[in-house]
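Read off the chains here:
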Amino acid sequence: MKRVMSTLSEGPVARLLRDKLSTAFQPKHLEVECESHLHSVPKGAEMHFRVQVVSDAFEGKRVIERHRLVNTCLAEELATTVHALRIDAIPTSKWDGQKQEESPTCRGGFGK
């Protein structure tokens with residue numbers, strides 16, 4: 001069963017991340033969520049994201065290796081438009097439908 005979640009209000013950066021992750025990992029489940037609205041950024045900005053990727057490509061890999069694969073896939077965006085990326089990269093055999101935990105409220109940076 002393949003679940004790729006999308007929203008009609010998804011912006012161009014979120015769509016690009018979704019497309020790149022879909023192509024690279026052929027995920028069984030993929031969520032891409034812009035969390036910029038939780039931070040002190042201009043309205044409509046797409047800079048803070050969280051992704052949940054469930055893929056066979058992550059089988060047998062440690063968490064750090066899975067995160068490196070995602071970071072490599074999105075290297076151009078991380079070097080330019082994306083300021084923060086929260087990654088949940090799960091091997092298909094370990095996924096039982098769990099959702100990512102909600103992100104904490106932005107504290108304004110520097111632990112304020």
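Per chain, the residues get numbers from 1 upward, laid out in the order the sequence is written. In keeping with the predicted nature of the model, local features appear solely for residues at pLDDT of at least 70, side-chain atom pairs appear and are counted solely at 80 or more, and the whole-chain, interface and lining totals rest on all residues. The side-chain numbers reported here are obtained from all heavy atoms of the structure, hydrogens and water having been left aside.

**Q** So what's going on with the overall build of the chain? Which residues, and what values?
**A** In this description a helix means any DSSP run of H or I spanning at least four residues, a strand means any run of E spanning at least two, and both kinds are numbered starting from the N terminus. Secondary structure summary: the chain contains three helices and four strands in total. Moving toward the C terminus, one meets the helices and strands of the chain in the order β-α-β-β-α-α-β. Buried residues are those whose accessible area, probed at 1.4 Å on protein chains only, stays under 20% of the maximum for their type, while exposed residues exceed 50% and partly exposed ones sit between those limits. Across the 112 residues that make up the chain, the buried fraction comes to 36%. Two residues qualify as a contact provided that any one of their heavy atoms is within 4.5 Å of a heavy atom in the partner residue. If you take every contact in the chain between residues at least 6 apart in sequence, the share linking residues at least 24 apart comes to 63%. Note on areas: these come from Shrake-Rupley sampling with a 1.4 Å probe, and a residue is covered only by the protein chains present in the view. As displayed, the chain has an accessible area near 7,100 Å², and 55% of this comes from carbon and sulfur atoms.

**Q** So what's going on with the nonpolar core? Residues and values would help.
**A** Residues Leu21, Val32, Phe49, Val70 and Leu85 are the most contacted members of the largest nonpolar core, which totals 18 residues. Taken together, the elements giving at least two residues each to this core come down to α1 (12–25), β2 (29–34), β3 (48–55), α2 (63–73) and β4 (84–91). A total of five residues in this core trace back to one element, the largest contributor, which is α1. For our purposes a nonpolar core is just a set of buried Ala, Val, Leu, Ile, Met, Phe, Trp, Tyr and Cys residues, chained together by side-chain atoms within 4.5 Å.

**Q** Residues and numbers for the pattern of salt bridges, please.
**A** For salt bridges, the criterion is a side-chain nitrogen of Lys or Arg within 4 Å of an Asp or Glu carboxyl oxygen. For the structure shown, the criterion picks out six salt bridges. Note that Lys20 and Glu77 form a salt bridge whose closest N and O atoms lie 3.1 Å from each other. Here the residue Lys20 occupies a position in helix α1, and Glu77 occupies one in helix α3 (residues 75–79), the gap between them amounting to 57 residues. Accessibility expressed as a relative area gives 24% for Lys20, which makes it partly exposed. The class of Glu77 is buried, set by a relative accessible area of 5%. Each of Glu33, Glu35 and Arg50 takes part in one network of salt bridges that share partners.

**Q** How would you sum up α2? Please name residues and give values.
**A** Those residues of α2 not exposed but buried are Arg66, Val70 and Cys73. Seen along its axis, α2 keeps its buried residues to an arc of 60 degrees; they face one direction. Within α2, the exposed residues directed more than 90 degrees away from the buried face are Arg68 and Thr72. Structurally, α2 contributes buried residues whose contacts are with α1, α3 and β4. Each C-beta atom gives one direction from the helix axis, and the arc is the one those directions make.

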